Structure formats: structure tokens, C-alpha cells
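What the coordinates show
Here is what each chain is made of, one letter per residue.
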Amino acid sequence: MLQLCDIHTYYDDSHVLQGVSLQVPEGKVVALLGRNGAGKTTTMRSIMGLTPPRQGKILFRGQEIQAMEPYRIANLGIGYIPQGRRLFPSLTVREHLEVYQKKGSVWSVQRALDTFPRLKERLDNHGNELSGGEQQMLAIARALMLNPVMLVMDEPTEGLAPLVVREVGRLIQTVKQEGFSILLTEQKMRFALDLADEVYVMSKGQIVFHGLPQELLENETVKQTYLGV
Ligand SMILES: Nc1ncnc2c1ncn2[C@@H]1O[C@H](COP(=O)(O)OP(=O)(O)O)[C@@H](O)[C@H]1O
Ligand SMILES: [Mg+2]
């Protein structure tokens with residue numbers, strides 16, 4: 001579905017991603033773990049064309065996207081749920097969904113509400129009146145309105161209370177069952193490993209581990225060195 005081949009990404013002169021390669025197979029959840037500052041968000045910004053790589057290739061369904069404009073990448077079918085959720089405080093739940101509604105999308109406002117019934121009760125609430133879990137739900141629902149086949153989610157549980165974290169976990173399960181391929185970054189290892197089919201760990205802009213969740217759980221060195229657990 002998605003393939004990053006040796007990408008190098010910079011902020012001005014700062015060489016942040018130093019040869020990142022990873023793959024997200026169709027219908028799978030892939031977790032990208034790493035400490036704060038490891039380069040997880042930059043990897044996602046590179047995929048979405050917001051901070052395009054200066055070197056390397058990114059293939060989405062076989063097509064090179066590393067030099068495309070962000071809106072074209074989104075239109076090809078990659079939904080981005082940025083870190084911090086980025087909702088509009090002044091828009092209601094209904095408005096968030098309506099402004100992103102796309103002609104010909106299999107996702108209507110109604111279908112989004114059927115998938116996330118909690119949002120139905122909050123239709124006329126504004127973005128800033130929602131709980132953390134509801135905000136994440138809306139951020140995902142909004143991304144679905146653009147009819148993606150893949151979702152890129154940046155630390156969906158950041159700043160959420162433990163109970164809400166579990167709720168977001170179930171939310172991602174729901175989305176996975178709809179058949180989406182998902183790339184998920186996290187600092188919470190346990191949370192990510194419960195959801196993921198495969199896992200990558202990054203440190204200082206490089207991939208330092210790739211394997212199955214169980215393999216990471218058993219690898220004390222990687223866990224201690226790169227995740228601090
Ligand atoms: N806009 C920016 N300008 C310059 N440096 C940045 C910018 N955003 C992030 N960085 C740097 O890039 C590195 C990776 O950051 P980031 O991708 O946000 O990591 P993570 O998401 O894993 O916490 C960090 O050293 C960070 O300071
Ligand atoms: Mg980040």
C-alpha cells in the first residue's frame with residue numbers, strides 16, 4: 001500500500017530523517033514508535049507532502065508521491081490525523097463533517113455517524129466542547145469524509161486519560177475492521193502493540209528495529225535503549 005524507500009527529510013539545514021525505509025501492507029496496522037524528537041511526525045509530514053523528502057522515494061499503491069502537493073496526496077486516498085487533532089473550536093461536529101464532505105465519497109455524514117454513534121449525540125457541540133476521546137473520534141471521522149483507503153495517525157492518544165486511551169484503541173479497531181491500512185505513531189508502546197500487525201522503532205531519524213509486536217516485547221535491548229521501558 002505505502003512504501004518509504006530511504007527518505008531523507010530536512011528542516012532547513014537540519015537533516016532530520018536519515019534514510020528511513022518502511023512499508024505499510026494493505027489492510028494492516030503498522031506502528032511507528034520512538035521517543036519524543038525521534039522523527040515520527042516528520043515521517044508523517046514527509047508522507048503527506050507537508051515537509052517533502054529531499055532524497056528517496058515514497059510509493060503509494062505503486063505511484064511515486066514524494067514530489068506531489070499535499071492536497072493531491074490526500075486526494076489519492078491518504079487521510080491524515082495530525083498530532084493534537086487540530087479541530088476547529090468554532091465549528092460544530094456536524095459542520096466539521098459537512099465541510100469535508102466530498103462528492104462521490106463512500107463516506108457520508110450519516111455513515112460517519114453510524115460508525116461513531118457517540119458523535120450523533122454531540123452534533124451541535126463545538127470542537128472545544130468535546131472530551132478528548134470525542135475529539136479524536138471526530139478527527140478520525142473528518143479524515144474519513146475525504147474517502148481515504150489509508151490513514152496516517154500521529155499519536156492519537158497523546159494527552160488522553162487512561163480510560164479514554166482504551167476508548168481510542170477500540171475506535172482504531174473499528175476503523176481497522178473497515179479495511180483501512182493504518183500507520184500509527186505512538187509513544188505508548190503497549191497501546192500500539194495491542195493494535196499493530198507490525199512495528200518499527202525509530203531513533204534520531206533512523207529506523208532501529210522492525211518486527212512483530214511479540215518480537216519487540218521480547219527484545220529488552222531495543223525497549224530499554226530506544227523506548228525507555
Ligand atoms: N519545524 C521544525 N523545524 C526545525 N526542526 C524541527 C521542526 N519540527 C521538528 N523538528 C526537529 O526534528 C526532530 C524530529 O521531530 P519530530 O518529527 O517532531 O519527532 P517526534 O514526532 O518523533 O517527536 C526533532 O529534533 C525536532 O526538534
Ligand atoms: Mg510527533
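Above this text you will find the structure in question.
Anyway, here's the lowdown on the structure attached to this text.

Overview of the sheet that holds strand 6 (residues 78–81)
If you trace the 6 strands from one edge of the open sheet to the other, you get 6-7-8-3-9-10, paired in mixed fashion. In the strand order of this sheet, the two ends are held by strand 6 and strand 10 (206–211), each with one partner. Across the sheet, the mean angle from the axis of one strand to that of its neighbour is 15°, orientation sign disregarded. Inspection of the sheet shows strand 9 (residues 198–203) paired to strand 10 by 5 bridges, in the antiparallel sense. Opposite Val201, over in strand 10, you have Phe209 as the bridge partner. Against the sheet, helix 6 (residues 132–144) engages strand 6 and strand 7 (150–154), with an angle of about 160° to strand 6. Contacts from helix 10 (residues 220–227) reach strand 3 (29–33), strand 9 and strand 10 within the one sheet, and its direction differs from that of strand 9 by about 45°.

Focus on the coordination of the magnesium ion (ligand 2)
Those donors, Thr41 (OG1) and Gln83 (OE1), are the protein atoms that reach the magnesium ion (ligand 2), and they lie 2.0 to 2.4 Å from it. Pair noted here: Thr41 is in helix 1 (residues 40–48) and Gln83 is in the loop between strand 6 and helix 3 (93–100), with a separation of 42 residues, a long-range link. A relative accessible area of 25% places Thr41 in the partly exposed class. Under the relative-accessibility criterion, Gln83 is labelled partly exposed at 22%.

Topic: the site of ligand 1
Taken together, the residues surrounding ligand 1 are Tyr11, Val16, Arg35, Asn36, Gly37, Ala38, Gly39, Lys40, Thr41 and Thr42. Contact distances for ligand 1 include 2.7 Å between an oxygen atom and a backbone N or O atom of Gly37. Between an oxygen atom of ligand 1 and a main-chain N or O atom of Gly39, the distance comes to 3.0 Å. Considered on its own, ligand 1 offers 560 Å² of accessible surface; in the complex 58% of this is hidden by protein.

A few points about the sheet that holds strand 4 (residues 55–60)
Taken together, the 4 strands give an open sheet; going across it, the order is 2-1-4-5, and neighbouring strands pair in antiparallel fashion. Strand pairing shows two members of the sheet lacking a second neighbour, strand 2 (14–24) and strand 5 (63–64), which therefore form its edges. As paired strands, strand 1 (residues 2–11) and strand 2 are joined by 8 bridges and run antiparallel to one another. Counted as the bridge partner of His8 is Gln18 from strand 2. Across the sheet, helix 1 lies against strand 1, strand 2 and strand 4, angled at about 110° from strand 1, the strand it touches most.

Let's talk about helix 10
All of the buried residues in helix 10 are Val222, Lys223 and Leu227. Considered in projection along helix 10, the buried side chains sweep an arc of 100° and stay on one side of the axis. Away from its buried face, by an angle of more than 90 degrees, helix 10 presents the exposed residues Thr221 and Gln224. At its buried positions, helix 10 is contacted by strand 3, helix 8 (189–195), strand 9, strand 10 and helix 9 (213–217). Gly228 lies just past helix 10 and shows a positive phi near 65°.

Comments concerning the pairing of strand 1
Once strand 1 ends, the chain turns through 2 residues before running back antiparallel as strand 2, passing Asp12 with a positive phi of about 50°. Inspection of the sheet shows strand 1 paired to strand 4 by 5 bridges, in the antiparallel sense. In the strand pairing of strand 4, Cys5 is matched with Lys57.

So, how was this worked out
Residues numbered from 1 in each chain as written. Chains lettered and ligands numbered in written order. Predicted model: local features only at pLDDT ≥ 70, side-chain atom pairs only at ≥ 80, totals over all residues. Heavy atoms only, no water. Pairing = 2+ DSSP bridges. Helix = DSSP H or I, 4+ residues; strand = E, 2+ residues; numbered from the N terminus. Axes fitted to C-alpha atoms, helices over the stretch in contact; angles between N-to-C directions. Contact = heavy atoms within 4.5 Å. Donors = N, O, S within 2.8 Å, 3.2 Å for Na, K, Ca; no water. Buried < 20%, exposed > 50% of the residue type's maximum accessible area, 1.4 Å probe, protein only. Near = heavy atom within 4 Å. Polar contact = N/O pair within 3.5 Å; in protein donor to acceptor, adjacent residues only side chain to side chain. Areas by Shrake-Rupley, 256 points an atom, 1.4 Å probe, with all protein chains shown as cover. Arc of directions from axis to C-beta.

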